[in-house]
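The primary structure of each chain is shown beneath.
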Amino acid sequence: MDTKRTTFNNRLLPYLLLAPQLAITLVFFIWPAAQAVKSSFEREDPFGFSTVFVGLTHYRQLFADPNYLDALWRTAVFAVSVTALSMLLGLAFAAAVDRLARSAKIYTTLLVWPYAVAPVVAGVLWWFLFNTSTGLLPFFLERLGIRWDHDLNGTHAMILIIIAAAWKQISYNFLFFLAGLQSVPQSLIEAAAIDGSGPVRRFFTISLPLLSPTTFFLFIINVNYTMFDTFPIVDATTGGGPAQATTTLVYKVYQDGYVGLNIGSSSAQSVLLMLIVMLLTFVQFRFVERRVQY
Amino acid sequence: MVENRPFLTFLTHAFLILGFLVVALPVYVAIVASTHDVSTLMSGPVPLLPGSHLIENYSTILTSAAAAHGLPNYSHMALNSLIMALAITVGKIAISILSAFAIVYFRFPFRLLAFWIIFVTLMLPVEVRIMPTYKIVADLGMLNSWAGLTIPLIASATATFLFRQFFMTVPDELLEAARVDGAGPMKFFRDILLPLSRTNIGALCVILFIYGWVQYLWPLLVTTDPGYYTLMMGMKRMVTVQDGVIQWQLVMAGSVLAMLPPILVVVFMQRLFIRGLTETEK
Amino acid sequence: MAGIHISEVSKIYTGGVKAVSSVSIDIVDGEFIVLVGPSGCGKSTLLRMVAGLEAISAGEVKIAGRVVNQIEPAERDIAMVFQNYALYPHMTVYNNLAYGLKNRGTPKAEIDARVAEAARMLEITQYLERKPRQLSGGQRQRVAMGRAIVRKPAAFLFDEPLSNLDAKLRVSMRGEIKRLQRRLGTTSIYVTHDQLEAMTLADRLVVLNGGQIEQIGAPLEVYHAPASTFVASFIGSPAMNLVKGELHGDKLAIGPAMVALNGFAPTSGSVTVGVRAEDLRIARDDEEALPFRLEYTEELGAQRLIHGTVGDQQITAAVSPEIALSPDMRIAVDAKRLHFFSIETGKRLPGNVPAEAKLAPVEPVI
């Protein structure tokens, strides 16, 4: 961790400069996280007067609880689906825009704005579009012989939140893929053109392999996004239902802790989530370090 | 590139236009729905063309609709959203730029520790520490207050890292020249570093404004007083109707208004937005 | 105006790396000193210690009789010109020049007057309202100089100020720096890796290698009597030929050939022999000479460099372009033009200073 070649000599000033950020971090991040770890090993009596150390009990219960294991599995399905869908579309749009020099800017504008739509609004919009009685899409699906009902059908509900979550994330992936494509050296593309490969073949043999660092980076970011930033989509539309079919891990922490007031179990779930984020962050930064050396 | 494949170019345009139409579909439907009355919407699928109730619906949402759900005025919630977005933007930038300055331009004991403490925030999004954070805010008496709504959200590693990364690219000689010119640390910060960071601050403003505007879980946790409700919470209240029909035309009008400010920011500050997005995630 | 006294100054980095070891230089008021050496020789570190941008590990730096080791750069009464100019990119040229004066609380009228004077001297008056990015490299360089001048400091410190300019501009700016320094009479320390720049600018030059001083002296002293093989190969272009030789009494053997020394032999046994390319000439038929096998030539216009071997050792000679060449030639040198260095230490062997070095230094041309 470098500083500048020369630095200022003041002793007290750097601490003063850091104080606001460190104070907030300690009080609102580190302390609560420590509390979560602590209470995940404890059980509170019903009146909150005393706590008993119960070791790994909460964790054991979680992994024996089919509801939790279900949520884990559904979160994985959700994360992978959203990531795959939004990355594929983002890449396709980026590849198309990259081909068009003159109109690239206007298409970029047309495709980036969904990033600014709040997750809760995105959820409401798609919910309306899929609304069983008034929605546009069920009307067309009916003609194809599909009776759409996300209020009763868990798979339909999952598809709904996947689409809403992916829709919001396409613009993000699009921008990063476009930046990646635009940084592919023009000379490489020209060399390949002289070697006789057409634009489609060039994309798959030259551009796509060179995008692999971007792809990997986006994969981590998207998994992170789907796991943690989609809470409003779930909360505003399916509310975790029907029958827990769209209860993701984060939603479950919220329900068990904030709504159900089951502190011990909710804390253990928080700790497990922290481990997942740490793993993702670790992988991401290991990778960034490597990328810097390129 | 000297290459002429008109058919492929045509396909590319067609694909992008189709893509845009699909991406824009939900928003288009929302706009259309916000121009019809409730009976049209309840009697089958949404029409594909706008209706005639635009002014009526938007004036209802802006005046009385929210009150029917026990919510404050729409404009009151919009103001709350704005206050929250701006407070988070300004707060985050202020504390991040100061701590990045300390970390890059000073050597002092526990510098590395401070860096790691900031880094750790990346691994602790509010979603994973809902209960204990709520409890601390409650213990500090910050529930239902602007401080409780904003302060816990303004510590972030990404903004600090962005500034750190930018400061590292500022030539060392600039600091040296300023020192020879008799500038102390805060003078250097104000006269040289701050003006040089203008573009980065602008880019961060765009990203953080959106971040603050779309906050949902945190206000949901710490506010029970409707006087602090933001638009995002209002939206949710309006669609969770226990009995009776959802006033879709009003929900959609509300949604359109709620997404307008951040979309306008992105579209009109596209360069800063893209820069902010791609730089903060490096 | 002030002298600068550097005594026994060292820079030791954490980890024990010695970037500068025990360097002492006495610089008199108004003198132009050039620190020259290859990259990593410690010249910039030394300059930065004088500026106060780098802590002094050991020793003492005095500016105008005052020990400045613990004094902030701004209080040392120095001004510095950086290689990348370090102009404040968001300030106009005027504000770049005025910034240091403002920080010192100089009255506005005085700032205006000083900036105007410096701008006139450097011919940048018409650019005062521009930002640095609207200027060419040479103009930026002038602004950087201007920022140093307006302060009227006790000393100028230059850290490779011309390295970022193209070759032609470098030559003209070099002349300008010299002219300004003469006119202002300000003590200056100038760091460069370019030996030609060092030769042309310096009143005295300090050749540094591995954090130590190899030689201090006027440019011609150093050129004609290099204190070591390092200085011999570093100063002058083409570099001085250095070959292995054997001294037998008054004779010198280089490979297969013998040269009579006419009393110039400083010692006996193996030595490193140095001879400048321009001191070699095509031998007359009747004199003792070295057999020279021609490999290739380089045309410089006024001169022609011929590269080849004597025995198995590389030699370069500078000859007139009119002289006819052949694959095998004979070249000769006056014994008094030879330099002898110890094989073991690389140091100059005493007692054979060629006559040219005793020339009086050229009076500075203003």
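Residues numbered from 1 in each chain as written. Chains lettered and ligands numbered in written order. Predicted model: local features only at pLDDT ≥ 70, side-chain atom pairs only at ≥ 80, totals over all residues.

*Asks:* Could you give an account of the overall build of chain C, naming the residues involved and the relevant values?
*Replies:* A count of helices and strands for chain C gives eight helices and 20 strands. Across its three principal directions, the C-alpha atoms of chain C cover 75 × 45 × 40 Å. Every one of the 366 residues in chain C was classed for burial, and the buried ones make up 40%. For chain C, contacts bridging at least 24 residues in sequence account for 65% of all contacts bridging at least 6. (Helix = DSSP H or I, 4+ residues; strand = E, 2+ residues; numbered from the N terminus. Buried ≥ 20, exposed ≤ 12 C-beta atoms within 10 Å, placed from the backbone. Contact = placed C-beta atoms within 7 Å.)

*Asks:* Before we move on, can you summarise the overall build of chain A with the specific residues and values?
*Replies:* Along the backbone of chain A there are 13 helices and two strands. Based on the C-alpha atoms only, the size of chain A along its principal axes is roughly 75 × 75 × 30 Å. Across the 294 residues that make up chain A, the buried fraction comes to 44%. Pairs at least 24 residues apart make up 69% of the contacts formed inside chain A by residues separated by at least 6 positions.

*Asks:* Could you give an account of the sheet that holds strand S3 (residues 32–36) of chain C, naming the residues involved and the relevant values?
*Replies:* Sheet strands associate in pairs through backbone hydrogen bonding, adopting either a parallel or an antiparallel arrangement. All names here are of chain C. Across the sheet, six strands lie side by side as S6-S7-S8-S3-S9-S10; this open sheet has mixed pairing. Two strands bound the open sheet, and with one partner strand each, they are strand S6 (78–81) and strand S10 (212–217). Put simply, the sheet's adjacent strands are angled 15° from each other on average, direction ignored. Pairing geometry for strand S7 (residues 155–159) and strand S8 (residues 187–192), over five bridges, is parallel. Residue alanine 155 lies in a different strand from S8, and its bridge partner there is threonine 187. Taken strand by strand, helix H4 (residues 137–150) contacts S6 and S7, and its axis lies near 175° from that of S6. (Pairing = 2+ DSSP bridges. Axes fitted to C-alpha atoms, helices over the stretch in contact; angles between N-to-C directions.)

*Asks:* So what's going on with the interface of chain C and chain B? Residues and values would help.
*Replies:* Across the contact, 17 residues belong to chain C and 14 residues belong to chain B. Those elements that place two or more of their residues in the side of chain C that touches chain B are S6 and helix H2 (93–103) of chain C. Among the residues making up the side of chain C that touches chain B, the classes are represented as 12 nonpolar, four polar and one charged. (Nonpolar A, V, L, I, M, F, W, Y, C, P; charged D, E, K, R; others polar.)

*Asks:* Which residues make up the interface of chain A and chain B, and what values go with them?
*Replies:* Residue-level contacts link 85 residues of chain A with 86 residues of chain B. Counting residues per element, the side of chain A that touches chain B draws most heavily on helix H1 (residues 13–39) of chain A, at 18 residues. Residues of the side of chain A that touches chain B, tallied by class, amount to 64 nonpolar, 15 polar and six charged.

*Asks:* Let's hear about the domain arrangement of chain C: which residues, and what values?
*Replies:* In many analyses, interface size is given as the accessible surface area lost on bringing the parts together. Domain annotation of chain C identifies domain 1 (4–224) and domain 2 (238–351). Once you take the C-alpha centre of each, domain 1 of chain C and domain 2 of chain C turn out to be 39 Å apart. (Domains from an automatic or database assignment.)

*Asks:* An account of the pairing of strand S12 (residues 251–254) of chain C is needed here, citing residue identities and associated values.
*Replies:* All names here are of chain C. Burial along S12 is one-sided: Leu252 and Ile254 are buried, and none of Lys251 and Ala253, which face the opposite way, are. Judged from the three bridges that link them, strand S11 (residues 241–248) and S12 form a sheet pairing that is antiparallel. Bridge pairing in S12 places glutamate 246 opposite alanine 253. Taken together, the four bridges between S12 and strand S13 (residues 257–260) define a ladder with antiparallel strand orientation. From the neighbouring strand, alanine 253 faces S13, where its bridge partner is methionine 258. Between the end of S12 and the start of S13, which pair antiparallel, lie two residues, with glycine 255 showing a positive phi angle near 60°.

*Asks:* Outline the sheet that holds strand S14 (residues 269–275) of chain C, supporting the account with residue identities and numerical values.
*Replies:* Residues and elements named next belong to chain C. With antiparallel pairing, five strands are arranged side by side in an open sheet as S13-S12-S11-S14-S20. Each edge of the sheet is formed by a strand with only one pairing partner; in this case those strands are S13 and strand S20 (339–341). Each neighbouring strand pair of the sheet contributes to a mean axis angle of 40°, computed without reference to strand direction. In this sheet, S20 lies alongside S14 in antiparallel orientation, the contact comprising three bridges. The partner of glycine 274 across the bridge, within S20, is histidine 339.

*Asks:* Could you give an account of the packing of helix H3 (residues 66–99) of chain A against helix H7 (residues 154–182) of chain A, with specific residues and numbers?
*Replies:* Residues and elements named next belong to chain A. The geometry of H3 relative to H7 is characterised by a closest axis approach of 6 Å and an angle of 40° between their N-to-C directions. As judged from the angle between their axes, H3 and H7 are oblique. Every pair of crossing elements has a handedness; the one defined by H3 and H7 is right-handed. Split by residue class, the contact of H3 with H7 holds 20 nonpolar, six polar and one charged. (Parallel < 35°, antiparallel > 145°, perpendicular 65-115°, else oblique. Left-handed = near helix turned anticlockwise from the far one by under 90°.)

*Asks:* Any details on unusual backbone geometry? Residues and values, ideally.
*Replies:* With omega at 0°, the peptide bond leading from C:Ser237 into C:Pro238 counts as cis. Residue B:Phe110 is not a glycine yet carries a positive backbone phi of 70°. Mapped onto the secondary structure, B:Phe110 falls in the loop between helix H4 (74–105) and helix H5 (111–120).

*Asks:* Residues and numbers for the confidence of the model for chain C, please.
*Replies:* Residue and element names in this part refer to chain C. Averaged over every residue, the pLDDT of chain C is 89; residues scoring 70 or more account for 95%. Note that pLDDT drops below 50 for residues 354–361; the model gives that stretch 12 contacts with residues more than four away or on any other chain. Reported confidence for the predicted complex is 0.88 by ipTM and 0.85 by pTM. (pLDDT = per-residue confidence, 0-100.)

*Asks:* So, helix H6 (residues 130–139) of chain B: which residues are in play, and what are the values?
*Replies:* For H6(B), the set of buried residues is B:Ile130, B:Met131, B:Pro132, B:Thr133, B:Tyr134 and B:Val137. Following H6(B) by one or two positions, B:Gly141 has its phi on the positive side, about 70°.

*Asks:* Requested: an account of helix H6 (residues 136–143) of chain A, with residues and values cited.
*Replies:* An α-helix turns once per 3.6 residues; consequently, residues spaced three or four apart project the same way. Among all positions in H6(A), only A:Leu136, A:Leu137 and A:Pro138 are buried. A:Gly145 sits one or two positions beyond H6(A) and adopts a positive phi of about 90°.

*Asks:* Provide a residue-level description of the environment of C:Asp29, including the pertinent values.
*Replies:* Residue and element names in this part refer to chain C. With respect to the helices and strands, the residue aspartate 29 is situated in the loop between strand S2 (18–27) and S3. A count of 14 C-beta atoms within 10 Å places aspartate 29 in the partly exposed class. In this structure the C-alpha to C-alpha distance between aspartate 29 and aspartate 286, which are 257 residues apart in sequence, comes to 54 Å.

*Asks:* Hey, could you go over the environment of B:Ala78 for me, with residue numbers and the actual values?
*Replies:* Positionally, B:Ala78 belongs in helix H4. C-alpha separation for the pair B:Ala78 and B:Leu272, spaced 194 residues apart in sequence, amounts to 24 Å.

*Asks:* Any chance you could break down the environment of A:Ile206 for me, citing the residues and the numbers?
*Replies:* Residues and elements named next belong to chain A. You can see isoleucine 206 is positioned in helix H9 (residues 199–210). Note: C-alpha distance between isoleucine 206 and alanine 192 (14 residues apart in sequence) is 7.9 Å. Residue contacts for isoleucine 206: discarding those within four places in its chain leaves Leu188, Ile189 and Ala192.

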